[in-house]
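Coordinate inspection notes
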Amino acid sequence: MWVVLALVPESAWSAKIGDVAEESSLGQQAFRFLSFRDPSVRYAVIGSVMLGISCGLLGCFIVVRKMALVGDTLSHAVLPGVALGFLCSGVSASGLFDWSFEVANITKNPALIFCGAVVAGVAGTFLVNTLKQTTKIKEDSALGLTLASFFAVGICLLTMIQGLETGNKSGIDKFMFGQAAAIGEDDIRLMLGVTLLIVAVVFLFYKELLVTSFDAGFARSIALPSQWIHHGLMLLVAFAVVIALQAVGVVLVSAMLITPAAAAYLLTDRMHRMLFLAVGFGVVSGVLGAFISFLKPNIPTGPCMVLGASAVFAVAFFGGPRHGVLTRWWRHVSRSKRVQRENTLKALFQVLERRDAQPEESVSLKELAERRRETLDDVSGQASALKQHGLVTLHEEGNKILFTPSGWQLACTIVRNHRLWELYLTNEANIAPDHVHDDAEQIEHVLGDDVVRELERMLDDTTRDPHGRAIPGFADIHKPFAPSAPGPSGYGRS
Amino acid sequence: MADTPATNGVNFPLEIHDLTAGYHKKPVLWGIDLQVPKGKLVGIVGPNGAGKSTLIKAIMGLVPPSSGWVKIFGKPYNENRRRVGYVPQRESVDWDFPVTVMDVVMMGRYGHVGWFKRPNKADREIARDCLDKVKMLPFAKRQISNLSGGQQQRVFLARALAQESDIYFMDEPFAGVDAATETAIIALLHELREKGKTLLVVHHDLPTARNYFDQLLLLNMRVVAYGETEEVFTYDLLQKTYGGRLTILSEVADAVGQRAK
Amino acid sequence: MSEFIPAFEWQRVMVEPWAENLSTTFWIVLMGFLITAACGLIGNYLILRRMALVGDAISHSVLPGLAIAFLLSHSLNTLPMFIGALGAGILTTVLIELIHKKTRVKQDSAIGITFSTLFAIGVILISFGQTDAVHLDAECVLYGEIAFVPLDLVQTELGPGALSVVEKIPGLNSEIFLNGNRLTIAPPSVIRMAVVTGITLLLIVVFYKELLVTSFDSGLSSSLGINSTVVHYALMAMLSVIIVSAFEAVGAILVIAMLILPGATASLLAHRLPPMFGITVVHALLSAVGGIHLATWLNCSPAGAMVVAGSVLFGLAWVFSPSQGLLRRWLGRELDELNEEELDRLAKGV
Ligand SMILES: Nc1ncnc2c1ncn2[C@@H]1O[C@H](COP(=O)(O)OP(=O)(O)OP(=O)(O)O)[C@@H](O)[C@H]1O
Ligand SMILES: [Mg+2]
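About the thresholds
- Residues numbered from 1 in each chain as written.
- Chains lettered and ligands numbered in written order.
- Predicted model: local features only at pLDDT ≥ 70, side-chain atom pairs only at ≥ 80, totals over all residues.
- Heavy atoms only, no water.
- Helix = DSSP H or I, 4+ residues; strand = E, 2+ residues; numbered from the N terminus.
- Buried < 20%, exposed > 50% of the residue type's maximum accessible area, 1.4 Å probe, protein only.
- Contact = heavy atoms within 4.5 Å.
- Areas by Shrake-Rupley, 256 points an atom, 1.4 Å probe, with all protein chains shown as cover.
- Polar contact = N/O pair within 3.5 Å; in protein donor to acceptor, adjacent residues only side chain to side chain.
- Core = buried A, V, L, I, M, F, W, Y, C linked by side-chain atoms within 4.5 Å.
- Salt bridge = Lys/Arg side-chain N within 4 Å of Asp/Glu carboxyl O.
- Phe/Tyr/Trp six-rings, centres within 6.5 Å; stacked < 30°, edge-to-face > 60°.
- Domains from an automatic or database assignment.
- Axes fitted to C-alpha atoms, helices over the stretch in contact; angles between N-to-C directions.
- Parallel < 35°, antiparallel > 145°, perpendicular 65-115°, else oblique.
- Left-handed = near helix turned anticlockwise from the far one by under 90°.
- Pairing = 2+ DSSP bridges.
- Buried area = accessible area lost by both parts, 1.4 Å probe.
- Nonpolar A, V, L, I, M, F, W, Y, C, P; charged D, E, K, R; others polar.
- Near = heavy atom within 4 Å.

Looking at the overall build of chain C
When helices and strands are tallied, chain C shows 15 helices and 3 strands. With 350 residues in all, chain C has 55% of them scored as buried. Taking contacts inside chain C between residues at least 6 apart in sequence as the whole, the part at least 24 apart equals 74%. Accessible surface, chain C as shown: approximately 14,400 Å² in total, 67% of it carbon and sulfur.

Pasting the structure below:
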């Protein structure tokens, strides 16, 4: 860490572009940003990329370790450190015991602020741990308490600084909500150093971080110092928070840790993919936020970046390929359609079974509707859905319905599943025969081939279900099937 | 009981019909059928994860059933809550909570007190009596975090007594208590049974289960057997309960749970 | 350093606020006390239900509610603000539930995502809607301006008759209320806060049993027929109302301290809820008074100073708590063991 600090020379605070920009129009601003010529634009973009990388990487571990709110606490707790670091720049030491404090000397020195903030952040986490260990106060209260107390001290210090007679306090107010445009060359060097450090640590200690995040007990059992890894991680998080402060602000910096990582968590199950995704999301939302806040003066960067990240999360939340809410809803809909189709096929099968007929025979929709206890309209809708899937054919202006070979096979399978399951529940699970139907109605649609084979192995006699009806077997399913044109119609009910 | 119609005594204290219940649509219990007669002390036994706690929660409506129904004295649980007493698993509450032993027992009376009112002297008397019955009266003013595991269990029991219910569900009241306390608790349960209360008690120790309970419910995702202890406590049935889970049942339950996701 | 930390002059710090600026000081302290008391009372339940950080989330996310209410109604009237905040509070609770029930994202991340998103929306709305008329400014959002509270006094002119009556009433005839022939009622924000605090206290007393049972054991509460979901949402609604009435004075983040500090202090000192409520109120009073002196001394934000004072009180309780105190830890545990033994002997004797 000290190496990193050595990279940072002391120099004056560069001018803020936000102030210069006030006159120009939206289009001009956008052009200035995209043309990338302005050094402060470059700094802002590079800074956002850095913070996206470091927050994204560490955020993943924070999210899987369920420490999101520790990150939040830490980011609020750095505020008094920021103020103190700011003040310390006014201290000059001319001898070992000869310190003097000159208000006029106060500048915004990134290195001092960095140190102050890290110390405060670490002190905050230390306080949380001590509270949890020595009292009965639970984690959530300890976090909230630390967060707010530290923040209050910070507010007192800040308001005191604002009361001081110094022309140099500009910049400190930007720590609340962040202003990417205020990032200067010194900040960039600091950010670069810290980001490299974080990337290196995550790369080198990936295994250890993974194991301790997944199962701390196991990690201890293979003699990994989980406690130290935890502290090290917290220190890195403090670093990441501090370098992100300038752009995102104290209040929302935790969101840059949590939100991109949580979005990545929704999209993948593998840790290394999650890391890459989170970094990507972090960078995108960071740059986007910087861009938007650049367009108009007075718009703080932090909230824009956070909204960018939230938008990414929202997309993952709704549209994620596996866990997305809309995706799942769509899966649910198509599954219930399938269940619907299978139920209609089953009813068709049962009608034929009742009249002891051959699979090639046709059934009128009216009969089917009676069997399903539904209206004719409903049934004809279902029939056309079945036809679309090639499971049946329709004849006589859609009034007669006829299995195709694949439809017959599917129907047999469903009925077989149903009856096998009923048999299993009664014989093996001791459930009364008149209570198994409802369960089987559900289960018939989810039984996989393996389970069916296992059921067949387990049950001695699979020819009759508990109600005495025949269970369609292999021979039935693969019955030679020669559908003639519309079969002889007009059979009465047998 | 006044509201138990005399008509050939069909109103069982607990009647469960074809109950399938679970978490997030994933069934944990399948097709449970049960009729428990009045004045019985019933032990519920089964391996870990068999769904014993889930059964109690489903009866109390804390876990929604996906099919079937439960009746308490012939009425749905919601209409007869008052007559049900519940002793949860000890770990289910925060023992650092700022209440005294007396406060906890008094909670058992809240159902009788009603909205906007405070417990009166009679309630306090009852609470004291119940504490006395479990020999915890000297601890009445202690904060609950200063109790040992067995003492905590007795406090829960006293609270259930204070509810003055007709049917009790107890989830592992013997977990982590010493032999003396166990004997005391079982004596108390017998006393309650003599008063005509019905008790369903989740229990983990098979050898003692045989002596403690009138009836046993062997549970493993479904009712393996239910009946008088002598009839049910057989090697075969116990083997069926404990030996090997019904792998298919849990596999299929997982498949259903997956589908719901 | 003297430029930064002024010397502690007894006269200036401790006496003058009450002697010279009695009216201002009184209203600020009263407001601080009311806020901390109301927050502390409901905070006790948040702590017990492990929902301290839901309180954190709601305190941030009332902001967009306020901003939208303002943009729609073009006024800072109480009613639209309350409705906006209430809506935002409930929305937060629902969103948190939604995210962590519907996906594999855990509750802590869900809280973080929800409040940061809503808060960011709020900040952006405010910076867009920035006009001269708006006095929700971005800094104020964070730590409020309790010092502005007494600027807005409601006063009525008294006729000579009424004046002579009022002058005779002890308490009312002080300079807090009486300025020439004008009688000060109170700053509207203080009145609002007083009403909210009163209602909070009333609800806690009336629904003591229900709140206690649902917080302690939700299984039992359902068997008693108390719907814990309803209680949960009612609590959240009350919390939103309290937060929005405190918002202007103490802002989004300091209010978290006021929610948690009194209850946490009380939990170190007492073992039952009723005395905890007592300690909460005392803590509120002490931190309000301590805060105003601290702020006068250091010349900093009074709201921040009140929280710092409250934290100091918490620190004292942490050190000196009879059961969990650090002091007791350091001195060893002999006292404790003796007590336990004695109690056990008693128990056996009976
Ligand atoms: N809240 C929950 N959400 C999801 N699944 C649950 C939940 N609680 C229990 N389960 C699952 O339900 C099954 C039955 O759990 P239950 O607690 O009823 O078992 P049990 O018989 O009481 O076991 P034990 O002897 O350990 O108390 C288990 O497989 C468990 O994983
Ligand atoms: Mg259990």
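Some points on the side chain of A:N343
Relative to the assigned elements, A:N343 resides in helix α17 (residues 325-354). A polar contact of 3.2 Å, which involves the side chain of A:N343, links it to the side chain of A:H445.

Let's talk about the nonpolar core
Membership of the largest hydrophobic core comes to 260 residues, with the highest contact counts inside it found for A:V248 and C:F119. Sort the elements by how many residues they give to this core and helix α11 (residues 228-269) of chain C lands first, with 26 residues. Excluding anything up to four places from it in sequence, C:F119 contacts A:F177, A:V251, A:L252, C:H60, C:L63, C:V141, C:L142 and C:A252. Of all hydrophobic cores here, the second largest spans 29 residues; its members include B:V36, B:Y86, B:I167 and B:L200.

Remarks on the pattern of salt bridges
Summed over the entire model, instances satisfying the criterion amount to 27 salt bridges over all chains. Across the pair A:E208 and A:K207 runs a salt bridge whose closest N-O atoms are separated by 3.9 Å. Put simply, B:R159 and C:D217 hold a salt bridge, and the shortest N to O gap is 2.8 Å. A residue pair is termed interchain when its members come from two chains, as with B:R159 in helix α5 (residues 149-162) and C:D217 in the loop between α9 (208-216) and α10 (218-223). Using a relative accessible area of 0% as the deciding quantity, one classes B:R159 as buried. The buried category is assigned to C:D217, whose relative accessible area is 4%.

A few points about the packing of aromatic side chains
In this structure the tally under the stated criterion is 16 aromatic pairs over all chains. Their ring planes at 50° and their centres at 5.2 Å tell us that B:W95 and B:F156 sit as a pair that is tilted. Taken together, the positions of B:W95 in the loop between β6 (84-87) and α2 (101-107) and B:F156 in helix α5 put the pair 61 residues apart, joining distant regions of the chain. Take B:W95: its relative accessible area is 11%, and that puts it in the buried class. Ring geometry for C:F26 versus C:W27: centroids 5.0 Å apart, planes at 70°, classification edge-to-face.

Focus on the domain arrangement of chain A
Domain annotation for chain A reports domain 1 (2-93 + 100-323) and domain 2 (330-477). The C-alpha-based centres of domain 1 of chain A and domain 2 of chain A are spaced at 59 Å.

Quick word on the packing of helix α5 (residues 68-77) of chain A against helix α7 (residues 110-134) of chain A
When two helices pack together, their arrangement is given by the angle between their axes and by how far apart the axes lie. All names here are of chain A. In contact at an axis separation of 8 Å, α5 and α7 are set at 130° when each is read in the N-to-C sense. Here α5 lies oblique to α7, going by the angle between them. Pair α5 / α7 crosses with right-handed handedness. Between α5 and α7, the contacting residues are V70, T73, L74 and A77 on the first element and A120, G121, G124, T125 and V128 on the second.

Section: the sheet that holds strand β4 (residues 65-72) of chain B
Residue and element names in this part refer to chain B. Taken together, the 4 strands give an open sheet; going across it, the order is β2-β1-β4-β5, and neighbouring strands pair in antiparallel fashion. Bordering the open sheet on either side are β2 (26-36) and β5 (75-76), each of which pairs with just one other strand. Alignment of strand β1 (residues 14-23) against β4, held across 6 bridges, turns out to be antiparallel. Bridge assignment links E15 to a residue of β4, and that residue is K71. Against the sheet, helix α1 (residues 52-59) engages β1, β2 and β4, with an angle of about 115° to β1.

Topic: the interface of chain C and chain B
In this assembly, 28 residues from chain C lie in contact with 34 residues from chain B. Buried surface at the junction of chain C and chain B, summed over both partners, amounts to about 2,800 Å²; 65% is from carbon and sulfur atoms. When residues of chain C are sorted by the area they lose upon contact with chain B, C:K209, C:F216 and C:S223 head the list and together hold 26% of the total. Across the chain C-chain B interface, the total number found is 3 salt bridges. Of all the secondary structure elements, the ones that give two or more residues to the side of chain C that touches chain B are α8 (188-206), α9, α10, α12 (273-298) and α15 (334-349) of chain C. Counting residues per element, the side of chain C that touches chain B draws most heavily on α9(C), at 7 residues. Looking at the side of chain C that touches chain B residue by residue, the classes come out as 15 nonpolar, 6 polar and 7 charged.

What about the interface of chain A and chain C?
Taken together, the contact pairs 66 residues of chain A with 60 residues of chain C. Counting the surface lost from both chain A and chain C, the interface buries some 5,400 Å², and carbon and sulfur atoms represent 75% of this. For the chain A face of the interface with chain C, the top three residues by lost area are A:L69, A:M160 and A:F177, together amounting to 11%. Put simply, chain A and chain C have 1 salt bridge between them. Of the charged contacts, one joins A:D269 and C:R104 as a salt bridge, the two residues approaching to 2.4 Å between their closest N and O atoms. The tally of links between chain A and chain C comes to 14 residue pairs in polar contact (both at pLDDT 80 or more). No other element matches the 18 residues that helix α8 (residues 139-162) of chain A contributes to the side of chain A that touches chain C. Of the residues that constitute the side of chain A that touches chain C, the class distribution is 41 nonpolar, 15 polar and 10 charged.

Observations concerning the site of ligand 1
All names here are of chain B. Residues in close proximity to ligand 1 total 13 residues, the closest being N48, K52, S53, T54 and H204. Separating a nitrogen atom of ligand 1 from a side-chain N or O atom of Y23 is a distance of 3.4 Å. With respect to ligand 1, the backbone of G49 contributes an N or O atom lying 2.9 Å from an oxygen atom. Across the complex, the protein chains shield 62% of the 630 Å² of accessible surface that ligand 1 would expose by itself. Among the elements that make up the shell around ligand 1, the one with the highest residue count is α1 (3 residues).

Some details on the sheet that holds strand β4 (residues 392-395) of chain A
All names here are of chain A. Strand order in this open sheet of 3 strands is β3-β5-β4, and the pairing throughout is antiparallel. The outermost strands of the open sheet, each flanked by one partner alone, are β3 (363-364) and β4. Pairing between β4 and strand β5 (residues 400-403): 4 bridges, direction antiparallel. Residue L394 lies in a different strand from β5, and its bridge partner there is I401.

Topic: unusual backbone geometry
With a phi angle near 55°, A:R373 is a residue other than glycine that sits in the positive phi range. Counting through the fold element by element, A:R373 comes out in the loop between α18 (365-372) and α19 (376-388). By relative accessible area, which is 77% here, A:R373 ends up exposed. One non-glycine residue, B:K135, lies in the positive phi region at around 60°. For B:K135, the location among the structural elements is in the loop between α4 (121-133) and α5.

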